[in-house]
There are 2 protein chains.
Amino acid sequence: MTAGTAVNDTRSRLLATALKLFGEHGMEGTSMQMIADELGVTKAALYYHFKSKDEIAEAVAAPALQEMDQILDEARTKRSRGAQIDHALAGFVDLIVRERTLVGLFNSDPGLQRLIKRTLQARDEDLKTKLRTVFAGADPGLADAITVHVMSAGLAMAGGAPEFAGVDDDTLREHLLDAGRRLLGRPRPKHPGKSRLRLRI
Amino acid sequence: MTAGTAVNDTRSRLLATALKLFGEHGMEGTSMQMIADELGVTKAALYYHFKSKDEIAEAVAAPALQEMDQILDEARTKRSRGAQIDHALAGFVDLIVRERTLVGLFNSDPGLQRLIKRTLQARDEDLKTKLRTVFAGADPGLADAITVHVMSAGLAMAGGAPEFAGVDDDTLREHLLDAGRRLLGRPRPKHPGKSRLRLRI
């Protein structure tokens, strides 16, 4: 292992630990000292990687935001509107399910909400606008804009809800996809779910 | 005017003022002094009505919670499951639209969320459980429980969203109802909204 991968490894362990503590105590209730203690390092070692708790929280959320951005870019390359929507919905739901802890934290933690809002607004194209454009077109009517809001907020709130924390990934994904499809008026795929031999185009 | 109605009048003016300030500055950013100043009364006069800011916030939210409870009770008296769902959905959406400021505050203010959660849990029957029971039956499967969560959270988040603050009540209500119906698989009514002469199929 090179020095570089050791640093990366520490960094990813640090972010996983921070997310766990944020989920348990909220961002406000988690101190740099608590993160250092949980990692078994000194506070100085922690500050070597991040200047502040805010920086850690941004780094915790960044990969998911990056991935959502990429899913929307991929969706835009599809030829039909329907295929764009289906790709974006599948990716969005998959991300929610995989990142449930982070999504649940985002739903309930005002500190993290404020940070992510700030990160999003600093981008060239606001992720929220991009999401709406992929799902409802560049200049959506009010009905479609409201539908997309209900869909994105509803799926994220349900996917991150503590009451569904015990549901396995595949099951949660299938139910959230169904709800999203109904809202957006998309048909169910002919061979849904886990059939691994299916061709994906 | 009797002394009793004068007190009631002051109380309702106080609650309206508090809601306005909570909306502008958040619950945490609003002090008892700010509420007193905005009302043009002394802090002592404010404390005559409420012991704390938390008590004010509870009193601000109480009528809407009470009304939702009543809507669900009314819905339960309907004979068919469909009629129960339609009644509860119409009442829920109507309440969201009328109480947009409060709903928007609830969506974004952790202090208010904590308070309302505590209020709800102190009741005989949790309002959230009651809502799920009316929409999905007494012992819902996972798919229905998730759908109800997506519906209630999605409609509340969209209805209270700042970006739709300029939409008039009737229009917002119609779009939220449509989204709710699609999610719950309910047909549109034969004589919807305001367009009394137009046929919709």
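Residues numbered from 1 in each chain as written. Chains lettered and ligands numbered in written order. Predicted model: local features only at pLDDT ≥ 70, side-chain atom pairs only at ≥ 80, totals over all residues. Heavy atoms only, no water.

An unreviewed UniProt entry annotates chain A as TetR/AcrR family transcriptional regulator of Polyangium jinanense.

Undergrad: Explanation requested: the interface of chain B and chain A in the structure shown.
TA: Taken together, the contact pairs 28 residues of chain B with 28 residues of chain A. Taken together, both faces of the contact between chain B and chain A bury some 2,400 Å²; the carbon and sulfur share is 71%. The interface formed by chain B and chain A includes 4 salt bridges. Between glutamate 163 of chain B and lysine 128 of chain A there is a salt bridge whose closest N-O contact spans 3.2 Å. Counting the contacts that link chain B with chain A gives 8 residue pairs in polar contact (both at pLDDT 80 or more). Contributing elements (two or more residues each) for the side of chain B that touches chain A: α7 (110-121), α8 (127-136), α9 (142-159) and α10 (169-184) of chain B. No other element matches the 12 residues that α9 of chain B contributes to the side of chain B that touches chain A. Tallied by class, residues from the side of chain B that touches chain A come to 17 nonpolar, 7 polar and 4 charged. (Contact = heavy atoms within 4.5 Å. Buried area = accessible area lost by both parts, 1.4 Å probe. Salt bridge = Lys/Arg side-chain N within 4 Å of Asp/Glu carboxyl O. Polar contact = N/O pair within 3.5 Å; in protein donor to acceptor, adjacent residues only side chain to side chain. Helix = DSSP H or I, 4+ residues; strand = E, 2+ residues; numbered from the N terminus. Nonpolar A, V, L, I, M, F, W, Y, C, P; charged D, E, K, R; others polar.)

Undergrad: Help me understand helix α2 (residues 32-39) of chain B, please; the structure alone is not making it clear to me.
TA: Residues spaced three or four apart along an α-helix face the same direction, because each turn holds 3.6 residues. Residue and element names in this part refer to chain B. Within α2, the full set of buried residues consists of Met32, Ile35, Ala36 and Leu39. In an axial view of α2, the angular spread of the buried residues amounts to 100 degrees, which keeps them on one side of the axis. Phi for glycine 40, located one or two positions after α2, is positive at around 75 degrees. (Buried < 20%, exposed > 50% of the residue type's maximum accessible area, 1.4 Å probe, protein only. Arc of directions from axis to C-beta.)

Undergrad: Sorry, what's going on with the UniProt feature "DNA-binding region" (unreviewed entry) in chain A here?
TA: UniProt feature "DNA-binding region" (unreviewed entry): in the numbering of this structure it lies at residues 31-50 of chain A. This span, residues 31-50 of chain A, is 75% helix and 0% strand, and a straight line between its end C-alpha atoms measures 13 Å. (UniProt positions renumbered as here; feature names shortened; annotations may be inferred.)

Undergrad: Any chance you could explain the pattern of salt bridges here in plain terms?
TA: Working definition: two side chains of opposite charge can pair if their charged atoms are close together. One pass over the full model with this rule turns up 32 salt bridges over all chains. If you follow the salt bridges from partner to partner, you end up with Glu67, Asp94, Arg98, Asp170 and Arg173 of chain A in one network.

Undergrad: Honestly, the relation of the copies chain B and chain A in this entry has me stumped. Any pointers?
TA: The pair of chain copies shares a relation made of a rotation about an axis and a shift along it. Of the transformation superimposing chain B on chain A, the axial component is 0.0 Å and the angular component is 180 degrees, with the fit at an RMSD of 0.0 Å. Taken together, these values place the two copies in the relation of a two-fold axis. Relative to the rotation axis, the closest C-alpha in chain B is found at glycine 154 of chain B, a distance of 1.9 Å. Both copies share a contact surface, since 100% of the interface residues of chain B are interface residues in chain A too. (Least-squares fit on C-alpha atoms with pLDDT ≥ 70 in both.)

Undergrad: Any chance you could explain the environment of methionine 32 of chain B here in plain terms?
TA: Residues and elements named next belong to chain B. You can see methionine 32 is positioned in helix α2. For methionine 32 and glutamate 58, which are 26 residues apart along the polypeptide, the C-alpha to C-alpha distance reads 14 Å. Not counting residues within four places of it along the chain, the set of residues in contact with methionine 32 comprises Lys43, Leu46, Tyr47, Phe50, Ser52, Lys53 and Ile56.

Undergrad: Sorry, what's going on with the packing of helix α4 (residues 53-76) of chain B against α7 of chain B here?
TA: All names here are of chain B. For the pair α4 and α7, interaxial distance at closest approach is 10 Å and the crossing angle is 60 degrees. As α4 runs across α7, the sense of the crossing is right-handed. Packed against α4, whose contacting residues are Asp54, Ala57, Glu58, Ala61 and Leu65, the element α7 presents Leu112, Leu115, Ile116, Arg118, Thr119 and Leu120 at the interface. Split by residue class, the contact of α4 with α7 holds 7 nonpolar, 1 polar and 3 charged. (Axes fitted to C-alpha atoms, helices over the stretch in contact; angles between N-to-C directions. Left-handed = near helix turned anticlockwise from the far one by under 90°.)

Undergrad: Please clarify how the environment of histidine 25 of chain A should be interpreted in this entry.
TA: Residues and elements named next belong to chain A. Mapped onto the secondary structure, histidine 25 falls in helix α1 (residues 3-25). Classification of histidine 25 by relative accessible area gives partly exposed; the value is 41%. Residues histidine 25 and glutamate 55 lie 30 residues apart in sequence; the distance between their C-alpha atoms is 18 Å. What histidine 25 contacts, discounting residues up to four positions off in sequence, is Thr30 and Met34.

Undergrad: When you look at the side chain of asparagine 107 of chain A in this model, what are you seeing that I'm missing?
TA: Residues and elements named next belong to chain A. Looking at the secondary structure, you find asparagine 107 in helix α6 (residues 100-108). One polar contact links the side chain of asparagine 107 to the main-chain carbonyl oxygen of alanine 156, over a distance of 3.0 Å. Among residues more than four places away in sequence, those in contact with asparagine 107 are Gln113, Ala156, Met157 and Gly160.

Undergrad: Would you mind going over the packing of helix α4 (residues 53-76) of chain A against helix α5 (residues 81-98) of chain A with me for this structure?
TA: Residue and element names in this part refer to chain A. Contact geometry for α4 and α5: axes closest at 8 Å, N-to-C directions at 165 degrees. Between α4 and α5, the angle is such that the two are roughly antiparallel. Relative to α5, α4 is oriented so that their crossing is right-handed. Where α4 abuts α5, its residues Ala64, Glu67, Met68, Ile71, Leu72, Glu74, Ala75 and Arg76 lie against Gln84, His87, Ala88, Gly91, Phe92, Leu95 and Arg98. (Parallel < 35°, antiparallel > 145°, perpendicular 65-115°, else oblique.)

Undergrad: Help me out: how do you make sense of the environment of phenylalanine 106 of chain B in this one?
TA: Residues and elements named next belong to chain B. Residue position: phenylalanine 106 is located in helix α6 (residues 100-108). Remark: the alpha-carbon pair of phenylalanine 106 and glutamate 67, spanning 39 residues in sequence, is separated by 16 Å. Here phenylalanine 106 is in contact with Leu112, Gln113 and Ile116, once residues within four sequence places are set aside.

Undergrad: Would you explain the confidence of the model for chain A in this entry?
TA: Caution is warranted with low-pLDDT regions, since their predicted coordinates should not be read in detail. Residues and elements named next belong to chain A. Taken residue by residue, chain A gives an average pLDDT of 89. The fraction at 70 or more is 91%. Here residues 194-201 is modelled with pLDDT under 50, and outside its nearest four sequence neighbours on either side it reaches 4 contacts, counting other chains as well. Among the scores for the predicted complex, ipTM is 0.87 and pTM is 0.88. (pLDDT = per-residue confidence, 0-100.)

Undergrad: I keep staring at the side chain of histidine 149 of chain A and nothing clicks. Help me out?
TA: Position of histidine 149 of chain A among the secondary structure elements: in helix α9 (residues 142-159). Setting aside anything within four residues of it in sequence, one finds histidine 149 of chain A in contact with Gly154 of chain A together with Met157, Ala158, Ala161, Glu163 and Phe164 of chain B.

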